Amino acid sequence: MAAEILLMGVGNLFYGDEGVGVVLVKRIQEKYAFPDRLEVVDGGTLAWNLLPLLSGREHVIVVDAVAAEPGEIYRFTLHDIPSAIQYGKLSSHEWEMPELLRAMELHGDLPPTTFIAIGVSALAEVSANLQIRLSPLIEARLDVLERVVLKELASLGVVPVAKPEHQPENTNAPHPEANHA
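Residues numbered from 1 in each chain as written. Predicted model: local features only at pLDDT ≥ 70, side-chain atom pairs only at ≥ 80, totals over all residues. Heavy atoms only, no water.

## Side note on the nonpolar core
Then comes step 1: Grouped together as the largest cluster of nonpolar side chains are 24 residues, with contacts concentrated most on Leu7, Val20, Phe34, Leu38, Leu145, Val149 and Leu153.
Then comes step 2: Secondary-structure elements contributing two or more residues to this core are strand 1 (5-10), helix 1 (20-31), strand 3 (38-44), strand 4 (59-67), strand 6 (113-120) and helix 6 (142-155).
Then comes step 3: It is helix 6 that provides the largest number of residues to this core, a total of five residues.
Then comes step 4: Ignoring any residue separated from it by four or fewer positions in sequence, one finds Leu7 in contact with Val25, Ile28, Leu38, Glu39, Val40, Val41, Ile61, Val63, Val149 and Leu153.
Then comes step 5: Of all hydrophobic cores here, the second largest spans 21 residues; its members include Met8, Leu54, Val66 and Leu78. (Core = buried A, V, L, I, M, F, W, Y, C linked by side-chain atoms within 4.5 Å. Buried < 20%, exposed > 50% of the residue type's maximum accessible area, 1.4 Å probe, protein only. Helix = DSSP H or I, 4+ residues; strand = E, 2+ residues; numbered from the N terminus. Contact = heavy atoms within 4.5 Å.)

## Considerations on the side chain of Thr114
Then comes step 1: Tracing the chain through its elements places Thr114 in strand 6.
Then comes step 2: Apart from residues lying up to four places away in sequence, Thr114 is in contact with His59, Val60, Ile61, Val62, Arg75, Phe76 and Glu152.

## A word on the sheet that holds strand 6
Then comes step 1: Across the sheet, which stays open at both edges, the five strands sit in the order 3-1-4-6-5 with mixed pairing between neighbours. Among the strands making up the open sheet, the edge pair consists of strand 3 and strand 5 (73-76). The average angle at which neighbouring strand axes cross in this sheet is 20°, direction not considered.
Then comes step 2: Across five bridges, the pairing between strand 1 and strand 4 is parallel. (Pairing = 2+ DSSP bridges. Axes fitted to C-alpha atoms, helices over the stretch in contact; angles between N-to-C directions.)

Here is the structure:
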């Protein structure tokens, strides 16, 4: 049986910032443990192959890149996509997520879905400079994007537990290099 809630990052790692959704969900998987009611998935650019993965969920959170002001973070649903976002300007997906979700909606299979997206430059604007890593701007915004995703999960009653290697240090302990005079 599928977990009640799906957190899915989509995008293409070979197109730099366009892969930020995948980068973020992998980062979250590395840092946190979650209850069984949440499944965290790298959806890559699987397009129509994602439909069975989405069906039957109580809620889906999609983390994606959108052609918009680089670094801006957006939270929206299929029916309230902000006008500042230009889906379709990032061409590595076979189909953009809103199109896939509208197809599911037509068949009555669409679970409630929230998008958490970060603006990146349109692929046509950066195609000459594509890199297999995030740009410094998007890399610098990952912490904020992570907090937005964790807040969305918390609103659904899913609270992560930091894995031991990612536990915050005891800030009350003296720093080993501190002067103990």
